[in-house]
Every structure is written in C-alpha cells, then in structure tokens.
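# Observations on the three-dimensional arrangement
Listed below are the residues making up each chain.
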Amino acid sequence: MRNRRAFTLVEIMIVVLIIGILLAVATPQWIKARETSRTKSCLKNLQTIESAKTNWALEYKMPETSTPTEGDIAPEFVKGAMPLCPSSGTYTIGAVNDEPSCSVHGVPSALIP
C-alpha cells in the first residue's frame, strides 16, 4: 500500500474561507484608496485650471469678471489639452474671480489658492 498525501475537503474549504475573509477586508480599502486618488487628481486639475485662468487674465489684461473659454487657456496656459475629470465629471471654468468647479466633486474652495 502506498501512502497518498492529498488535501482533504475540509482543508480546502478552510483555505477558501481564509481567502474570502482577506478579500472582504481588502476590497473596501482598495475602493476607498481609488476614490481618494480620483478626488486628489480632480483637485489638482481644478488648481491647474485656476492657475491658467489667472495667467490668462494677467497676460491679456482682462478684468476679473471676464470668463475665458477652453480655447483661451488650453493651448498656452495649460500643458497640452484641458484636463479631464478622473470620475468622468465635467469642469466649469467660470469667471476669473470665481473658482472652477467639477460636476462630481464640487468646488474645493479650501484647496484652491
């Protein structure tokens, strides 16, 4: 007779249970980290738009109440094209004296200088 070493059904079920518990703990943290990353990226994009608006107004001596378009600030004051919201939202540029906003994350007034 040969001794055959194999996993029993109970051992396999325990391993599957442990993997399930680890996934249940890790998944919410991964989702939270992903959303935090998207929010930070959106805030950085809004800061870029705010800076581009300010530079546009200073360069062309525009009043603070004037509203630039994407075409006004994108080619010269934003590197490349206008930034896109990582959560598929849309940015509202607004007037020079107003803060830009995002349709998903709102207006982060505390983080925009």
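Residues numbered from 1 in each chain as written. Predicted model: local features only at pLDDT ≥ 70, side-chain atom pairs only at ≥ 80, totals over all residues. Heavy atoms only, no water.

## Re the confidence of the model for the chain
Under the convention used in this document: For every residue, the predictor reports its confidence as pLDDT, a number between 0 and 100. In this description a helix means any DSSP run of H or I spanning at least four residues, a strand means any run of E spanning at least two, and both kinds are numbered starting from the N terminus.
Confidence in the prediction for the chain averages 88 pLDDT; 92% of positions are at 70 or higher. Ranking the elements of the chain by mean pLDDT puts helix α2 (residues 70–77) last, at 88, and helix α1 (residues 9–59) first, at 93.

## Some words on the packing of α1 against α2
In plain terms, the rule: Simply put, an axis is a line fit to the C-alpha atoms, just over the touching stretch for a helix, and the angle between two N-to-C directions goes from 0 to 180 degrees. Angular relationships are summarised with four words: roughly parallel below 35 degrees, roughly antiparallel beyond 145, roughly perpendicular across 65 to 115, and oblique for the angles in between. The criterion used for residue contact is that any of the two residues' heavy atoms lie within 4.5 Å. Under the scheme applied here, ten amino acids are nonpolar (Ala, Val, Leu, Ile, Met, Phe, Trp, Tyr, Cys and Pro), four are charged (Asp, Glu, Lys and Arg), and all others, including Gly, are polar.
Running from N to C, α1 and α2 point in directions that differ by 95°, and their axes come no closer than 10 Å. By the angle class used here, α1 and α2 are roughly perpendicular. Contacts from Ile49, Ala52, Lys53, Asn55, Trp56 and Glu59 of α1 reach α2 at Asp72, Ile73 and Phe77. In terms of residue class, the contact of α1 with α2 is built from five nonpolar, one polar and three charged.

## A short note on α1
Formally: A helix is expected to span 1.5 Å for every residue after the first. Values of bend correspond, residue by residue, to the angle between axes fitted over the seven residues ending at that residue and the seven starting there. Burial classification: accessible surface area is computed with a 1.4 Å probe over protein chains only, and a residue below 20% of its type maximum counts as buried, one above 50% as exposed, and the rest as partly exposed.
Look at α1: 73 Å from first C-alpha to last across 51 residues, which is about the 75 Å you get at 1.5 Å a residue. Its axis deflected by about 25° at alanine 26, α1 carries its strongest bend there, up to four residues before the proline proline 28. Turning to α1, its buried residues number three or more, namely Cys42, Leu43, Asn45, Leu46, Ile49, Glu50, Ala52, Lys53, Trp56 and Ala57. As for α1, its buried residues are in contact with α2, β1 (91–92) and β2 (101–102). Lysine 61 occupies a position one or two residues after α1 and carries a positive phi of about 50°.

## A few points about unusual backbone geometry
Phi is positive for lysine 61, which is not a glycine, with a value near 50°. Within the secondary structure, lysine 61 is located in the loop between α1 and α2. Exposure remark for lysine 61: the relative accessible area of 74% places this residue in the exposed category. A positive phi angle, close to 65°, is found at serine 88, a residue other than glycine. Mapped onto the elements of the fold, serine 88 is located in the loop between α2 and β1. For serine 88, a relative accessible area of 71% gives the class exposed.

## Remarks on the environment of asparagine 55
Considering the arrangement of structural elements, one finds asparagine 55 in helix α1. On the basis of relative accessibility, which here comes to 36%, the residue asparagine 55 falls in the partly exposed class. Taking C-alpha positions, asparagine 55 is 15 Å from methionine 82, a pair spaced 27 residues apart along the chain.

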